[in-house]
Each structure stands twice: as structure tokens, then as C-alpha cells.
Amino acid sequence: MTHYCPYLRRDKRDRITCEGGTALFPDVTARTMFLKSNCASSEGWQMCPKARMLSAYYERINL
């Protein structure tokens, strides 16, 4: 699966880790659904609250 989110660091069976922290999921299906609609979506990753926070942070410190 291609990951579009630039902040994603790794994903394991029950969790996804990015610069914004680690999200735990109850099962593989829940994790996969989240990955597909967020991390692996060319547009969806930008809607993730953690990705939005990190993008705003990097914009702010580069001023």
C-alpha cells in the first residue's frame, strides 16, 4: 500500500506511528480502513488532525 502522508513513520498490526504520535486500533481491519482513508489517500492524509497540526507547525517555524 502506498503511503502519501509525509509524517507517517511506520505501521504495525495494531498501530500507526507518525510524527504526531501513535494511534492504536482494536484490530487489523480498523487499522487498514484508517490507513486507506487517511495515510494512503493522496487527498485524505491532509484531513487527518495530526497531519494538519504538523503541517501548521512546520509552516509556523519556517516563518
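Heads up: the structure comes first, above all this text.
A few points on the structure.

## Side note on the sheet that holds strand 1 (residues 8–12)
Phase 1: Spatially, 1-2-3 is the arrangement adopted by the three strands of the open sheet, whose pairing is antiparallel. Of all strands in the sheet, those with a lone pairing partner are strand 1 and strand 3 (21–24), marking the two edges. Taken pair by pair, the neighbouring strands of this sheet meet at an average axis angle of 15°, ignoring direction.
Phase 2: Contacts from helix 1 (residues 28–37) reach strand 1 and strand 2 (15–18) within the one sheet, and its direction differs from that of strand 2 by about 40°.

## Comments concerning the pairing of strand 3
Phase 1: Direction of pairing for strand 2 relative to strand 3: antiparallel, over a ladder of four bridges. Bridged to arginine 15 within strand 3 is leucine 24.
Phase 2: Where strand 2 hands over to strand 3, the hairpin turn is made up of two residues, counted between the paired strands.

## Details of the environment of valine 28
Phase 1: Residue placement: valine 28 occurs in helix 1.
Phase 2: On the basis of relative accessible area, valine 28 is assigned to the partly exposed category, the value being 26%.
Phase 3: Each C-alpha atom, one on valine 28 and one on aspartate 14, is 6.0 Å from the other, the two residues being 14 residues apart in sequence.

## A closer look at the nonpolar core
Phase 1: Cys5, Tyr7, Leu8, Ile16, Cys18, Phe25, Leu35, Cys39, Trp45, Cys48, Ala51 and Leu54 form the largest nonpolar core, which has 12 residues in total.
Phase 2: Of all the secondary-structure elements, those providing two or more residues to this core are strand 2 and helix 2 (49–61).
Phase 3: Every residue in contact with tryptophan 45, bar those within four places of it in the chain, is listed here: Tyr4, Cys5, Pro6, Tyr7, Asn38, Cys39, Ala51 and Ser55.

## Digging into the packing of aromatic side chains
Phase 1: For the structure on display, the rule yields four aromatic pairs.
Phase 2: Taken together, a centroid distance of 6.2 Å and an interplanar angle of 65° make the contact between tyrosine 7 and tryptophan 45 edge-to-face. With tyrosine 7 in the segment before strand 1 and tryptophan 45 in the loop between helix 1 and helix 2, this residue pair connects regions lying 38 residues apart in the sequence. Taken as a pair, tyrosine 7 and tryptophan 45 share a single burial class, namely buried.
Phase 3: Both rings, one in phenylalanine 25 and one in phenylalanine 34, keep their centres 5.3 Å apart while their planes meet at 45°; by these two values the pair is tilted.
Phase 4: Its relative accessible area of 16% is what places phenylalanine 25 among the buried residues.
Phase 5: Residue phenylalanine 34 is classed as partly exposed on the basis of its relative accessible area of 28%.
Phase 6: One aromatic cluster is present, formed by Tyr7, Trp45, Tyr57 and Tyr58 through successive ring pairs.

Conventions adopted
Residues numbered from 1 in each chain as written. Predicted model: local features only at pLDDT ≥ 70, side-chain atom pairs only at ≥ 80, totals over all residues. Heavy atoms only, no water. Pairing = 2+ DSSP bridges. Helix = DSSP H or I, 4+ residues; strand = E, 2+ residues; numbered from the N terminus. Axes fitted to C-alpha atoms, helices over the stretch in contact; angles between N-to-C directions. Contact = heavy atoms within 4.5 Å. Buried < 20%, exposed > 50% of the residue type's maximum accessible area, 1.4 Å probe, protein only. Core = buried A, V, L, I, M, F, W, Y, C linked by side-chain atoms within 4.5 Å. Phe/Tyr/Trp six-rings, centres within 6.5 Å; stacked < 30°, edge-to-face > 60°.

These values are about where atoms sit, not about what they do.
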